[in-house]
Amino acid sequence: MHLTRHSDYALRVLIYLALNREEICNISEIAQSFNVSRNHLVKVVHQLVRLGYIHSIRGRGGGIELSRAPGEIRVGEVVRKTVKNLEVINCRKPYCPILPSCRLKRALNDATAAFLQTLDSWTLADLTRDKTRLRNLMTK
């Protein structure tokens, strides 16, 4: 399994918002902090709003903020919802002739399940415990 840039950026947006809970944030400042494309972040933020992780505030002084406490957001859940395909291997394209007897796919599926289970043990609060150091590392 490969985490996509989209899921990576989704986690970065959530980390940024968790670090800045006391203020309304905007996409441009987040993009600048992580030196990433603002246009790409707009798509990511839109999905995070639809998924209920963040709340969008319109109008003058508007922006985005977390809609749940960081301790309530599980990393594994975010990955599951932002990665379109968690499959490690596709045995049907091209079709593998040993598929009926192969155990590799099962082993890889077990590994993916273990990976996601580990991520489920982490919350956004866990990722942002060292707030001061993380804020200092982000470019402003």
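All values derive from a computational prediction rather than experimental measurement.

Rules and cut-offs
- Starting from 1, residues in each chain are numbered consecutively following that chain's sequence as written.
- Confidence filtering applies because this is a predicted model: local features only for residues at pLDDT of at least 70, side-chain atom pairs given and counted only at 80 or more, and all residues used for totals across whole chains, interfaces and linings.
- Neither water nor hydrogens contribute to the side-chain values; these are computed over all heavy atoms in the structure.
- Helix numbering and strand numbering both begin at the N terminus, where a helix is a DSSP run of H or I of at least 4 residues and a strand a DSSP run of E of at least 2.
- Two residues form a contact once any of their heavy atoms are found within 4.5 Å.
- Note on areas: Shrake-Rupley, 1.4 Å probe, and residue coverage restricted to the protein chains presented here.
- Charged-residue counts in this description rest on Lys and Arg as positive and Asp and Glu as negative, His and the chain ends being excluded.
- Throughout, a charge is located at the NZ atom of Lys, the CZ atom of Arg, the CG atom of Asp or the CD atom of Glu.
- Stacked, edge-to-face and tilted labels apply to pairs of Phe, Tyr and Trp rings (six-membered ring for Trp) whose centres lie within 6.5 Å, assigned for plane angles under 30 degrees, over 60, and everything in between, in that order.
- Between buried and exposed lies partly exposed: a residue is buried under 20% and exposed over 50% of the maximum accessible area for its type, with that area taken using a 1.4 Å probe on protein chains only.
- Whenever Lys or Arg places a side-chain nitrogen within 4 Å of a carboxyl oxygen from Asp or Glu, that contact is recorded as a salt bridge.
- We call a set of buried residues a nonpolar core when its members are Ala, Val, Leu, Ile, Met, Phe, Trp, Tyr or Cys and they connect through side-chain atoms within 4.5 Å of each other.
- Axis lines are fitted to C-alpha atoms, over the contacting stretch for helices. Their N-to-C directions set the angle, which ranges from 0 to 180 degrees.
- By the definition adopted for this analysis, an angle is roughly parallel if under 35 degrees, roughly antiparallel if over 145, roughly perpendicular if from 65 to 115, and oblique otherwise.
- The hand of a helix crossing depends on one turn: near helix anticlockwise from the far one by less than a right angle means left-handed, and clockwise means right-handed.
- Throughout this entry, Asp, Glu, Lys and Arg are counted as charged residues, while Ala, Val, Leu, Ile, Met, Phe, Trp, Tyr, Cys and Pro are counted as nonpolar. The remaining residues, Gly among them, count as polar.

**Topic: the overall build of the chain**
- When its secondary structure is counted, the chain shows seven helices and two strands.
- Secondary structure of the chain in N-to-C order comes out as α-α-α-β-β-α-α-α-α.
- Taking the principal axes of its C-alpha atoms as reference, the chain extends roughly 60 × 30 × 25 Å.
- Taking the intrachain contacts of the chain between residues at least 6 apart in sequence as the baseline, contacts between residues at least 24 apart amount to 67%.
- Accessible area for the chain stands at about 8,900 Å²; split by element, carbon and sulfur atoms hold 52% of it.
- Of the side chains in the chain, 23 bear a positive and 12 a negative charge, and the two mean positions are spaced by 7 Å.

**Section: the packing of aromatic side chains**
- Under the criterion given, the structure shown has one aromatic pair.
- Arranged with centres 6.4 Å apart and planes meeting at 70°, the rings of Tyr16 and Phe34 form a pair that is edge-to-face. In this pair, Tyr16 is assigned in helix H1 (residues 5-19) and Phe34 in helix H2 (residues 27-34), connecting sequence segments 18 residues apart.
- Tyr16 gets classed as buried once you look at its relative accessible area, which sits at 2%.

**Some details on the pattern of salt bridges**
- Summed over the entire model, instances satisfying the criterion amount to seven salt bridges.
- We note a salt bridge from Glu22 to Arg135, for which the minimum N-O separation is 3.8 Å. A residue pair is termed long-range when its members are at least 10 positions apart, and Glu22 in the loop between H1 and H2 and Arg135 in helix H7 (residues 131-137) qualify at 113 residues.
- A salt bridge links Lys81 to Glu77; the shortest N-O distance between them is 3.6 Å. With a gap of four residues between them, Lys81 and Glu77 both fall in helix H4 (residues 75-82), about one helical turn apart.
- Salt bridges sharing common partners tie together Arg68, Glu77 and Lys81.

**Points about the nonpolar core**
- Ranked by internal contacts, the top residues of the largest apolar core, which has 32 residues, are Val13, Leu14 and Ile54.
- When contributions to this core are tallied by element, the ones reaching two or more residues are H1, H2, helix H3 (38-51), strand E2 (63-66), H4 and helix H5 (104-120).
- By residue number, the principal contributor to this core is H1, which donates ten residues.
- Residues within four places of Ile54 in sequence aside, it is in contact with Leu14, Leu17, Val45, Leu48, Val49, Ile64, Glu65, Leu66 and Ser67.

**Remarks on the packing of H2 against H3**
- Running from N to C, H2 and H3 point in directions that differ by 120°, and their axes come no closer than 9 Å. Relative to H3, H2 is oriented oblique. Between H2 and H3 the crossing geometry is right-handed. Contact residues: Ile27, Ser28, Ile30 and Ala31 in H2; Arg38, Leu41, Val42 and Val45 in H3.
- Class assignment of the residues belonging to the contact of H2 with H3 gives a composition of six nonpolar, one polar and one charged.

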